[in-house]
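Survey of secondary and tertiary structure
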Amino acid sequence: MALGATHRLQDGVVAVETMTRFALAVLALASGVYTYLGVRSLLDGSPTAVFFAAIIYAASVSVAIYAFWSYMARFYPHVTGAAARGAMIGVMALGCAMIIAMSSWLNAAALAGSAALEQHLAETVQDYTADLDQAHQNALAAQSLLPDIQRTSERFSRLAEDERQSGALTGTTGSGSVVQLLSQMSSQLNELETGITASRERVTTLFDQGRSHLETMRTLVSAPGAVAPRSDEFSAEVVALSGVITSLQQTSIAPSVKRAAEDLSLGFIAPVADGQAADLADRQDQVMQTIRASVSAQSQVLSQAADDILAREPVAERRFVPLSSAEAVLRYAADFIPAWAGAISIDLLPAVLVFILTIVHGAIRRQDERLPFAQRITAAELLEALEVQRALGRQGISVEQALQTTETEDERARADSNITSLDTSAKAPRKGPPA
């Protein structure tokens, strides 16, 4: 039974030998084709030079892969020693690493290069979207001060009107120094309000331009066709969008608000009381001192609010770096694991065939060791043994005698090896049976 199983395994190894060579050739050719597609995207120059350079590199890769796995399939299954097999495994690991380095990543670039470039463009769109939103929020932050400025301006204006109509502050109606000062403060706050409103319109216009550029960029990411021309158009849109973001950062009205708030306090110039009576002049001076304190407090509030806006983190400068398909596949490898698995499998699948042959040959050797010698000997070995026997017979040597002489010599050699010899001269070689 064991002899029949051994013969069937040997017949199977012989039967699949042609198929193994064919499989290795097809896999090496497939790897070469995808390597050609991947390396072509990395080369620059004339189309003819790129074509021949890529062809030569791909052909070299195909030959190297076919030769390497042919050597491993031929020799590794027949290596039985632990040290030799360990060395062969080390050589196989080194070869696999070299194959992945020179071929597999280019295969992955050919399989998923366009998708990886689109992934790069899509993530760039997300980054610039966040930058535009941050710049827009920073530019509009000063708009939050507008209600306070309007309320303060209306309060000064209302106090001036009350003073003019009923003398609510000094007790004397008319347009005197107090009305003049209140009107002056209201006018300054109205100018600041007008500047903030105009800034909002400018920010809105720039933000609309940025959104338009982002919409074009998103369209280029998902548009059909070759990715290289779309990447060039994408780069142009990125440049334009970067300009819009820079303009938004420079459009912020917060520095102007801070300067205006400081002017309210530092540039406060109260008019001279114009009351004819001393009592009215005193009341006007007291009211103007109160107005001065109110303006100073309002100036501090606006200045602190402007400082908070200016303390916001500005939008970091960002550069768009175009990538080749091979570089994109490496950067976004985690997003294209199936493509990487397929690219590596094409190159390393022959290792499975090598291990299959190793297992089969190991099984054949174990089965042969359990068989008697008479069943292990082949017909050719039997014919050779018979020829040796006939040759010995022609010379008058008996096979039994030769075997006995050989056994005697072996026993004598074993006995001599157990005795320590003091003779430093080399021993003569063992003689064979007499002719």
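Residues numbered from 1 in each chain as written. Predicted model: local features only at pLDDT ≥ 70, side-chain atom pairs only at ≥ 80, totals over all residues. Heavy atoms only, no water.

Glancing now at the packing of aromatic side chains. Inspection of the entire model under this criterion finds six aromatic pairs. Measuring from centroid to centroid gives 5.3 Å for Phe-51 and Phe-52, while their planes differ by 75°, and the two rings are edge-to-face. The class of Phe-52 is partly exposed, set by a relative accessible area of 49%. Ring centres of Phe-68 and Trp-69 lie 4.8 Å apart, and the angle between their planes is 70°; on these two criteria the pair is classed as edge-to-face. Looking at Phe-68, the relative accessible area reads 17%, which means it is buried. Look at Trp-69 and you get buried, because its relative accessible area is 0%. Ring pairing ties together the aromatic residues Tyr-36, Phe-51 and Phe-52, which thus form one cluster. (Phe/Tyr/Trp six-rings, centres within 6.5 Å; stacked < 30°, edge-to-face > 60°. Buried < 20%, exposed > 50% of the residue type's maximum accessible area, 1.4 Å probe, protein only.)

To continue, consider a nonpolar patch on the surface. On the surface, a nonpolar cluster with roughly 370 Å² of combined accessible area is contributed by Val-16, Met-19, Phe-22 and Val-26. By the element assignment, Val-26 lies in helix α1 (residues 2–40). We classify Val-26 as partly exposed; its relative accessible area is 39%. (Patch = residues over 30% accessible without salt bridge, like charges linked within 9 Å, V, L, I, M, F, W, Y side chains within 5 Å. Areas by Shrake-Rupley, 256 points an atom, 1.4 Å probe, with all protein chains shown as cover. Salt bridge = Lys/Arg side-chain N within 4 Å of Asp/Glu carboxyl O. Helix = DSSP H or I, 4+ residues; strand = E, 2+ residues; numbered from the N terminus.)

All right, on to the environment of Lys-258 then. Positionally, Lys-258 belongs in helix α7 (residues 254–266). The spatial distance from the C-alpha of Lys-258 to the C-alpha of Leu-302 is 6.8 Å, given a sequence separation of 44 residues. Non-local contacts of Lys-258, meaning those with residues more than four positions away in its chain, are made with Ser-303, Ala-306, Asp-307 and Leu-310. (Contact = heavy atoms within 4.5 Å.)

Spacing of three or four residues puts side chains on the same side of an α-helix, whose turn is 3.6 residues. Taking 1.5 Å as the rise per residue, helix α10 (residues 337–348) with twelve residues should run 16 Å; its terminal C-alpha atoms sit 16 Å apart, in good agreement. Of the residues making up α10, those classed as buried are Ala-339, Trp-340, Ala-343, Ile-346 and Asp-347. Along the axis of α10, the buried residues cluster in a sector spanning 130°; they form a single face. The exposed set on the far side of α10, more than 90 degrees from its buried face, consists of Ile-337 and Pro-338. (Expected span 1.5 Å × (residues − 1). Arc of directions from axis to C-beta.)

The next point concerns empty space enclosed by the protein. Here the structure, examined in full by the defined rule, presents one cavity of 30 Å³ or more. For the largest cavity, the calculated volume is near 40 Å³. Every residue lining the largest cavity is listed: Leu-117, His-120, Leu-121, Ser-231, Phe-320, Pro-322 and Leu-323. With three residues, the top contributor of residues to the lining of the largest cavity is helix α3 (residues 82–140). A class-by-class count of the residues in the lining of the largest cavity yields five nonpolar, two polar and no charged. (1 Å grid on protein atoms, 1.4 Å probe; cavity = no way out; pocket = protein on both sides within 12 Å on 5 of 7 lines; lining within 4 Å. Points joined across faces, edges and corners; volume = space filled by probe spheres on them. Nonpolar A, V, L, I, M, F, W, Y, C, P; charged D, E, K, R; others polar.)

Of the voids in this model, the largest pocket is the one considered here, and its volume is about 300 Å³. Forming the boundary of the largest pocket are 13 residues, of which Glu-17, Thr-20, Ala-73, Arg-74 and Leu-357 lie nearest the centre. When contributions to the lining of the largest pocket are tallied by element, the ones reaching two or more residues are α1, α2 (47–75) and α11 (350–370). No other element matches α1, which puts six residues into the lining of the largest pocket. Here the residues of the lining of the largest pocket are counted per class, giving six nonpolar, four polar and three charged.

Looking now at the side chain of His-136. Here His-136 shows up in helix α3. Of the residues examined, His-136 reaches a relative accessible area of 16% and is grouped as buried. In contact with His-136, not counting residues within four places along its chain, are Val-203, Phe-207 and Leu-248.

When pLDDT is averaged along the protein, the result is 78, and 80% of the positions lie at 70 or above. Ranking the elements of the protein by mean pLDDT puts helix α12 (residues 373–376) last with 55 and α2 first with 92. Contacts from residues 419–435, a stretch scored under 50 in pLDDT, to residues over four places away or in other chains number nine contacts. (pLDDT = per-residue confidence, 0-100.)

By size, the foremost hydrophobic cluster in this structure holds 26 residues, and its most contacted members are Ile-149, Ile-196 and Val-257. Beyond its immediate chain neighbours, meaning those up to four positions away, Val-257 contacts Leu-145, Leu-192, Ile-196, Leu-302 and Ala-306. In terms of nonpolar packing, the next biggest core, distinct from the first, is built from 21 residues, Ala-139, Leu-214, Val-221 and Leu-248 among them. (Core = buried A, V, L, I, M, F, W, Y, C linked by side-chain atoms within 4.5 Å.)

Turning our attention to the pattern of salt bridges. As a working rule, side chains carrying opposite charge can pair if their charged atoms are close by. Taken as a whole and judged by the stated rule, the model has six salt bridges. Between Arg-21 and Glu-17 there is a salt bridge, and its shortest N-O distance comes to 3.0 Å. Of the two residues, Arg-21 and Glu-17 both sit in helix α1, four residues apart, roughly one turn of that helix. A relative accessible area of 44% means that Arg-21 is categorised as partly exposed. In this structure, Arg-318 engages Asp-127 in a salt bridge whose closest nitrogen and oxygen atoms are separated by 3.8 Å. With Arg-318 in the loop between α8 (278–310) and α9 (325–331) and Asp-127 in helix α3, this pair connects stretches of sequence that are 191 residues apart. Taking relative accessible area as the criterion, Asp-127 reaches 33% and is therefore assigned partly exposed. One continuous salt-bridge network, built from bridges that share partners, spans Glu-17, Arg-21 and Arg-74.

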